[in-house]
Amino acid sequence: QELMDTEAKPSAPRPPRYERHVQPCLAELLGTALFIFTGCLALLDEPGGTGRLQSALAHGLALAATVAVLGDI
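Predicted, not measured: the structure shown is a model, and the values here were computed from it.

Would you mind going over the environment of Ala58 in detail, with residue names and values included?
As for its placement among the helices and strands, Ala58 is situated in helix α2 (residues 53-70). Along the backbone, Ala58 and Cys40 are 18 residues apart, and their C-alpha atoms lie at a distance of 9.5 Å. Not counting residues up to four positions away in its chain, the partners in contact with Ala58 are Thr38 and Ala42.

Please set out the side chain of Thr38 residue by residue, giving values where relevant.
If you trace the backbone, Thr38 turns up in helix α1 (residues 17-42). Within the structure, the side chain of Thr38 is placed 3.2 Å from the backbone oxygen of Phe35, a separation counted as a polar contact. With residues near it in sequence (within four places) discarded, Thr38 still touches Ala58, His59 and Ala62.

Lay out a nonpolar patch on the surface in plain terms, naming residues and giving numbers.
A surface patch of nonpolar side chains, about 370 Å² in accessible area, is lined by Tyr18, Val22, Leu26 and Leu29. Among the structural elements, Leu29 can be located in helix α1.

An account of α2 is requested, with residue identities and associated values reported.
For α2, which comprises 18 residues, the first-to-last C-alpha distance of 25 Å matches the rise-based estimate of 26 Å (1.5 Å per residue) to within 8%. Within α2 the residues assigned to the buried category are Ser55, Ala58 and Ala62. Looking down the long axis of α2, one finds its buried residues gathered within 60° of arc, a one-sided arrangement. Away from its buried face, by an angle of more than 90 degrees, α2 presents the exposed residues Leu53, Leu61, Val67 and Ala68.

Definitions and cut-offs
- Residues numbered from 1 in each chain as written.
- Predicted model: local features only at pLDDT ≥ 70, side-chain atom pairs only at ≥ 80, totals over all residues.
- Heavy atoms only, no water.
- Helix = DSSP H or I, 4+ residues; strand = E, 2+ residues; numbered from the N terminus.
- Contact = heavy atoms within 4.5 Å.
- Polar contact = N/O pair within 3.5 Å; in protein donor to acceptor, adjacent residues only side chain to side chain.
- Patch = residues over 30% accessible without salt bridge, like charges linked within 9 Å, V, L, I, M, F, W, Y side chains within 5 Å.
- Areas by Shrake-Rupley, 256 points an atom, 1.4 Å probe, with all protein chains shown as cover.
- Salt bridge = Lys/Arg side-chain N within 4 Å of Asp/Glu carboxyl O.
- Expected span 1.5 Å × (residues − 1).
- Buried < 20%, exposed > 50% of the residue type's maximum accessible area, 1.4 Å probe, protein only.
- Arc of directions from axis to C-beta.

What is shown is where atoms sit, not what they do.
Below, the structure is given as structure tokens:
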């Protein structure tokens with residue numbers, strides 16, 4: 001019977017608890033707050049006839065700005 005020659009590879013260290021749990025929750029909280037804030041501000045002064053376009057543009061521009069600023073992270 002031949003024994004298989006296996007080497008135990010060292011496993012990568014687990015990231016700290018902050019990076020696994022706290023950081024993603026904070027990112028979700030800030031992202032949600034940004035979209036709620038921009039959506040509410042877009043509809044505060046609603047001139048007649050814009051409908052859903054103003055809110056959609058506000059969310060789209062907020063997302064584009066966030067990606068442009070934080071895209072390298």
